[in-house]
Amino acid sequence: MTGSFGPIAPDLPRDRWRFPVALVFLVVLLLVCGRGVGPLPPLGPLLDPAFGVWAMPARADPPTSADARIPGLTGTVTVVYDDRGVPHIFAANEPDAYRALGYVVARDRLFQLELQTLAASGRLTEVAGDRALELDRQMRRLGLPHAARRTYASLPRGSEARAAVDAFADGVNAWIGELPPGGLPIEYRLLGRRPEPWAPVNTMHLLARMGWVLAHEDDLARARARALVGGAAADALYPARAPIQEPIQPNGRRAPRYDFAPLPPPGPADSAAAALVAALPGTIGERVPDALGSNNWAVAPSRTAGGAALLAGDPHLELTLPSIWYETQLTVPGKLDAYGVTIPGAPGIVIGFNRDVAWSFTNTQADVLDYYEETVDDARAPTRYRVDGEWRPVTLEIERYRGRRGEVIATDTIRWSHRGPMTRAGGGWLSMRWTVLETGGEAAVLGGMARSRSVEDFRRITERWSAPAQNMIVADRGGHIGIRTTGRFPVRPGNGRGDVVRDGSTAANDWQSDWPVSRYPGAVDPAQGFLGSANQQPVDPNVDPGYLGADWYSPWRAMRINTLLRSAAPMTPELMARMQTDPGSARADFFVPVLVAAARMRPADAGCAAGARLLAGWQRRYTRDDDRAVYFEAVMRRVRERLWDELRSGSRPAPWPQDQIIAELTGDSASVWWDERATARVEHRDDIFCAALGDARTALEKERGQPDDARWRWDAVNRATIPHLLRLPAFAARDIAVQGGPATLNPVAPGSGYGPSWRMVVELGPEVRAWGIYPGGQSGNPLSVHYKDRLERWSAGTLDTLRFPRRPQDLPGTLVSATLTLTPAAR
């Protein structure tokens, strides 16, 4: 099946040629360009025929047939690799399936497994030395390694979750145990390091770090704004109630609702917030709009051409080589039969489908992290903190950071209150409470999702999910669709806001309880016939005004999804795939008419008028050959720079508010926010818009020539670079042209390092059919044909057919690249 610009790839044979040995010189080149990893080992070991890079081409991909013995395995496991390098694992029981998964993931991604663990557990100094010390300190001061250890310890012995985590570790260690020196991934050779045994707790480190990656930290961003423009203005700029309402839970409307109101003017600086901000490390800069955004949607059979439910998943995360995802199938007769992607290190399918159900996630952006200002006995080295007039002991943990040779290069004392880890802030101390640091049931939920049989079954299983909070969408073969914002959502005292720093001296400010599951935003089988999410506010505050968070992503992507689903002909898998790289922009649809109208109000301004003419005929589509998107983005940047000058003061700026706040301000043309403080005159809305139109055109003409120059094309600037995990240039993918842009359904922002990490479409008919792609390939070996073989199709928006055989022999021989047989190791 194909489409005009979002095709689904047919079953075509892949090119099977191997890299010639001559490409070894590429690795030698790394000794020049790979300075990011620090001092490199001598050339001798690298060029040793039995150990070094000369041995790599023969080991770039799995042999066509292989056998291995795994300790702990209870029966034979058959692994069939298809022509895309995907292992289809067939086992007699689930622990054996997870042992096999650990083995094949280590086989393809061993260095990634270890590097992720070192990063999550605050141990990067053991690879990179002093340069990684602050990164490690951040992880440990956030409490993530502590939380991982506690979560693993909380898994009951004999439970399915504990068995899965332990079995995965068995498989990883089986591969490490049989790995000869000549089989080491190139990164280990460059670093002069061997892999260490994989501990089961490493899975918890991985899950904890994912919680940190997906955290939406409003508190300190809003504090920076309060320090500059006061509390009332900060509340309006980063509101708990989004001014454009297109919620995840349908509210009965067929179009967005614009709840625009005049914004309070900048007020006196909040001195307490200023003191807090001055004491905290780092700064918060401008946002990359929607770069970390994700999309998902599901369509009911009544709106599909094939009469079956359809689901699309499209999480946008950090892009690296190798990818954060690893594709696989896990089959245990009568128990488990699922396909999808896992995060290397997790025992199970994270996003995917089985014979009855398909599911995907987007990040909720909920506020689940709070700060408390603690009263301590010693501002320099507290041992006690005061709550309700009584002193409580501070828990002390000594953290040691080791260098490449195992030597201690630094130590920290991490302090904990009953709320969480404590951080020094000027003359005082803050403690942090965060759902990610408190044990949850995520490990058990992963296995349960893969075994679910219906929408309601899936929703019941995921009630135990705690963190990170996710918008979980699901569809089933019975024709049902559902979505729910799932996680743990604290109930706080007073107005319930979590984006403030609270007084820790009273227990009355602690979390009081959690939202009941019955209150979670969501829907099943809505009358509109579709559901979707794109990180927007989950529930219309007119329906439920309870506080879930603030500073929500602008709902431009959600608006585009819903527009396409409302207006489309009966939906097909091809149309779903096209939507994932749809170049349309609800944001441009809103702002272009406003900018053009501003120019009409300033006819004497030639530069403004010329700029408006460039936009007036624009189709507002971020296609590769578009020659106006570059200009529009330059205009919007200059609008932000002029409009938010009040937030850019000093060395502690606040992040730019979401563009929906600019949209809200367009209704108040004389708002004081439009005035630029650095000028003598008083500017209004149209002054700012006209200045931005003129300035952007002048700057682009100076940089890129006249508007008909090829350098004005969108693909001249919107090119993705996907780095290697160690930032080795020779192993990166550079200058990848992509369709889409900020606030579109494919928001790959140039230079941001984030984008669509896995695109999936599933049709839940009598026999499930599915298609997917991620940027990269299954192998972590840069010399493998599967290292980045999917990049071209990912860039084009093409999805591969995902093969889902019921038995090993059901995969046609022409599509089998290798077979691996795993048997129990002798006792």
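Predicted model, so just to flag it, every value in this text is computed and none were measured. Per-chain numbering applies: the sequence of each chain, read as written, is numbered from 1 onward. Predicted model: local features are reported for residues with pLDDT of at least 70 only, side-chain atom pairs are reported and counted for 80 or more only, and whole-chain, interface and lining totals are derived from all residues. Remark: hydrogens and water are excluded; side-chain values derive from all non-hydrogen atoms of the structure.

**Overview of helix H18 (residues 606-616)**
And then number 1: Per-residue accessibility, obtained with a 1.4 Å probe over protein chains only, is compared with the maximum for each type, and a residue is labelled buried under 20%, exposed over 50%, and partly exposed between these values. Note on conventions: DSSP H or I runs of at least 4 residues are helices, E runs of at least 2 residues are strands, and numbering of each starts at the N terminus. Taken residue by residue, H18 has Cys-608, Ala-609, Ala-610, Gly-611, Ala-612, Leu-614 and Leu-615 as its buried positions.
And then number 2: Note on contacts: a residue pair qualifies if any of its non-hydrogen atoms lie within 4.5 Å across the two residues. Where H18 is buried, its residues contact helix H17 (586-600), helix H19 (629-643) and helix H21 (685-704).

**Quick look at the side chain of Arg-502**
And then number 1: Following the sequence through the fold, Arg-502 ends up in strand S23 (residues 501-503).
And then number 2: Here the side chain of Arg-502 touches Pro-493 through a polar contact of 3.3 Å, landing on its backbone oxygen.
And then number 3: Setting aside residues up to four positions removed in sequence, Arg-502 forms contacts with Tyr-371, Tyr-372, Glu-373, Arg-492, Pro-493, Asn-495, Gly-496, Arg-497 and Asn-509. Contacts described as polar in this section are N or O atom pairs within 3.5 Å, which, within protein, must combine one atom able to donate a hydrogen with one able to accept it, while residues neighboring in sequence count only if both atoms come from side chains.

**Some thoughts on the nonpolar core**
And then number 1: With 132 residues, the main nonpolar core has Tyr-103, Val-104, Trp-325, Phe-353 and Leu-822 as its most contacted residues.
And then number 2: Looking at this core, the element that brings in the most residues is helix H3 (residues 94-120), giving 14 residues.
And then number 3: Nine residue types can take part in a nonpolar core, namely buried Ala, Val, Leu, Ile, Met, Phe, Trp, Tyr and Cys, and a core is a set of them joined through side-chain atoms within 4.5 Å. Counting 56 residues, the second largest nonpolar core, distinct from the first, contains Met-559, Phe-590, Leu-595 and Ile-688.

**Looking at the packing of H17 against H21**
And then number 1: Two numbers describe how H17 lies on H21: the axes approach to 9 Å, and their chain directions differ by 100°. In terms of orientation, H17 lies roughly perpendicular with respect to H21. Residues Val-594, Leu-595, Ala-598 and Ala-599 of H17 form the contact with H21, whose participating residues are Asp-686, Phe-689, Cys-690 and Leu-693.
And then number 2: Under the scheme applied, nonpolar residues are Ala, Val, Leu, Ile, Met, Phe, Trp, Tyr, Cys and Pro; charged residues are Asp, Glu, Lys and Arg; polar residues are all the others, including Gly. Taken together, the residues of the contact of H17 with H21 break down into seven nonpolar, no polar and one charged. Fitted lines through C-alpha atoms give the axes, limited to the stretch in contact for helices. The angle between two N-to-C directions lies from 0 to 180 degrees. In these notes the angle categories are as follows: under 35 degrees is roughly parallel, over 145 is roughly antiparallel, 65 to 115 is roughly perpendicular, and the rest is oblique.

**Focus on unusual backbone geometry**
And then number 1: Residue Pro-322 is reached from Leu-321 by a cis peptide bond, and omega for that bond is -5°.
And then number 2: Residue position: Pro-322 is located in the loop between strand S8 (316-318) and strand S9 (326-332).
And then number 3: In this model, Ala-467 is joined to Pro-468 through a cis peptide bond whose omega is -5°.
And then number 4: Within the fold, Pro-468 resides in the loop between helix H14 (455-461) and strand S20 (470-476).

**A word on the side chain of His-88**
And then number 1: When you line up the elements, His-88 lands in strand S3 (residues 87-90).
And then number 2: The buried category is assigned to His-88, whose relative accessible area is 0%.
And then number 3: Only 3.0 Å separates the side chain of His-88 from the side chain of Asp-82, close enough to count as a polar contact.
And then number 4: Only 2.6 Å separates the side chain of His-88 from the side chain of Gln-329, close enough to count as a polar contact.
And then number 5: Here His-88 is in contact with Thr-78, Val-79, Val-80, Asp-82, Gln-329, Tyr-339, Arg-803, Pro-805 and Leu-811, once residues within four sequence places are set aside.

**A few points about the state of the cysteines**
And then number 1: A pair of sulfur atoms, both from cysteines and within 2.5 Å, is called a disulfide here. Applying the stated criterion across every chain yields a total of one disulfide.
And then number 2: Note that Cys-608 is cross-linked by a disulfide to Cys-690, the S-S spacing being 2.1 Å. Judged by the torsion about the S-S bond (-60°), the Cys-608/Cys-690 disulfide is left-handed. One end of the pair, Cys-608, is in helix H18; the other, Cys-690, is in helix H21, with 82 residues separating them in the sequence.

**Side note on the packing of H3 against helix H9 (residues 201-213)**
And then number 1: Put simply, H3 and H9 touch, their axes get as near as 9 Å, and they point 65° apart. If you check the angle between H3 and H9, you find them roughly perpendicular. For H3 against H9, the interelement crossing comes out left-handed. Facing H3, whose interface residues are Gln-116, Thr-117, Ala-119 and Ala-120, H9 presents Asn-202, His-205, Leu-206 and Arg-209.
And then number 2: Across the contact of H3 with H9, the residue classes break down as three nonpolar, four polar and one charged. Should the near helix be turned anticlockwise from the far one by less than a right angle, the crossing is left-handed, and should it be turned clockwise, the crossing is right-handed.

**Comments concerning the sheet that holds strand S11 (residues 351-354)**
And then number 1: If DSSP finds at least two bridges between two strands, the strands pair. Within the open sheet, the eleven strands sit side by side as S1-S33-S2-S3-S9-S10-S11-S12-S20-S21-S25. Their pairing is mixed. Each edge of the open sheet carries a strand with a single partner, namely strand S1 (65-70) and strand S25 (522-524). Geometrically, the sheet is characterised by an average inter-axis angle of 20° between neighbouring strands, direction not taken into account.
And then number 2: Of the strand pairs in this sheet, S20 and strand S21 (residues 481-486) are connected by six bridges, and their pairing is antiparallel. Considered in S21, the bridge of Val-474 is made with Gly-482.
And then number 3: Relative to S9, H3 is tilted by about 160°, and along the sheet it contacts S1, strand S2 (77-82), S3, S9, strand S10 (336-342) and strand S33 (816-824).

**Describing the confidence of the model for the protein**
And then number 1: Within the protein, residue pLDDT values average 90, and 90% of them lie at 70 or more.
And then number 2: Note that pLDDT drops below 50 for residues 1-7; the model gives that stretch 26 contacts with residues more than four away or on any other chain.
And then number 3: Across residues 9-55, confidence stays below pLDDT 50; counting only partners more than four residues off in sequence or on other chains, it has 87 contacts. pLDDT is a residue-level measure of predictor confidence that goes from 0 to 100.

**A few points about helix H13 (residues 442-451)**
And then number 1: By the criterion of burial, H13 is predominantly enclosed, with eight of the ten residues buried.
And then number 2: The set of residues buried in H13 consists of Glu-442, Ala-443, Val-445, Leu-446, Gly-447, Gly-448, Met-449 and Ala-450.

**Here we look at the packing of aromatic side chains**
And then number 1: By convention, a stacked pair of Phe, Tyr or Trp rings (six-membered ring in the case of Trp) has centres within 6.5 Å and planes under 30 degrees apart, an edge-to-face pair has planes over 60 apart, and any other such pair is tilted. With the rule as written, the count across this model stands at 23 aromatic pairs.
And then number 2: Aromatic side chains Trp-618 and Tyr-622 sit 5.8 Å apart centroid to centroid with 70° between the ring planes, which places their arrangement in the edge-to-face category.
And then number 3: Residue Tyr-622 is classed as buried on the basis of its relative accessible area of 0%.
And then number 4: Aromatic ring contacts, followed pair by pair, group Tyr-258, Phe-260, Trp-556, Phe-590 and Phe-591 into a single cluster.
And then number 5: Here, a charge over a ring means that NZ of Lys or CZ of Arg falls within 6 Å of the ring centre while also lying within 35 degrees of the ring normal. Between Arg-384 and the ring centre of Trp-391, over which it is positioned, the NZ or CZ distance is 4.8 Å.
And then number 6: The ring centre of Tyr-774 lies 4.4 Å from the NZ or CZ of Arg-790, which sits over that ring.

**Some words on the environment of Ala-663**
And then number 1: Mapped onto the fold, Ala-663 is located in helix H20 (residues 659-665).
And then number 2: On the basis of relative accessible area, Ala-663 is assigned to the buried category, the value being 0%.
And then number 3: Placed 419 residues apart in sequence, Ala-663 and Ile-244 show a C-alpha to C-alpha distance of 8.8 Å.
And then number 4: When sequence neighbours within four positions are dropped, the list of residues in contact with Ala-663 reads Ile-244, Phe-260, Trp-556, Phe-590 and Phe-591.

**Quick notes on the pairing of S21**
And then number 1: Within S21, six of the six residues are buried, which leaves the element mostly enclosed by the surrounding structure.
And then number 2: Side-chain alternation along S21 places Ile-481, Ile-483 and Thr-485 on one buried face and Gly-482, Arg-484 and Thr-486 on a second face that is also buried.
And then number 3: Where S20 folds back on S21, the antiparallel hairpin that results is connected by four residues, among which Gly-479 adopts a positive phi of roughly 95°.
And then number 4: Bridging between S21 and S25 involves three bridges; their strand directions are antiparallel. Along S25, the bridge assignment pairs Arg-484 with Gly-522.

**Comments concerning the pattern of salt bridges**
Opposite charge on two side chains permits pairing when their charged atoms draw close.
And then number 1: Salt bridges are counted wherever a side-chain nitrogen of Lys or Arg sits within 4 Å of a carboxyl oxygen of Asp or Glu. For the structure on display, the rule yields 64 salt bridges.
And then number 2: Between Arg-419 and Glu-374 there is a salt bridge, with the nearest N and O atoms lying 2.7 Å from each other. Of the two residues, Arg-419 is situated in the loop between strand S17 (408-416) and strand S18 (422-425) and Glu-374 in strand S13 (residues 369-376); the sequence distance between them amounts to 45 residues. Here Arg-419 matches Glu-374 in class, with each residue buried.
And then number 3: Among the ionic pairs, Glu-407 bridges to Arg-405, the shortest N-O distance being 3.6 Å.

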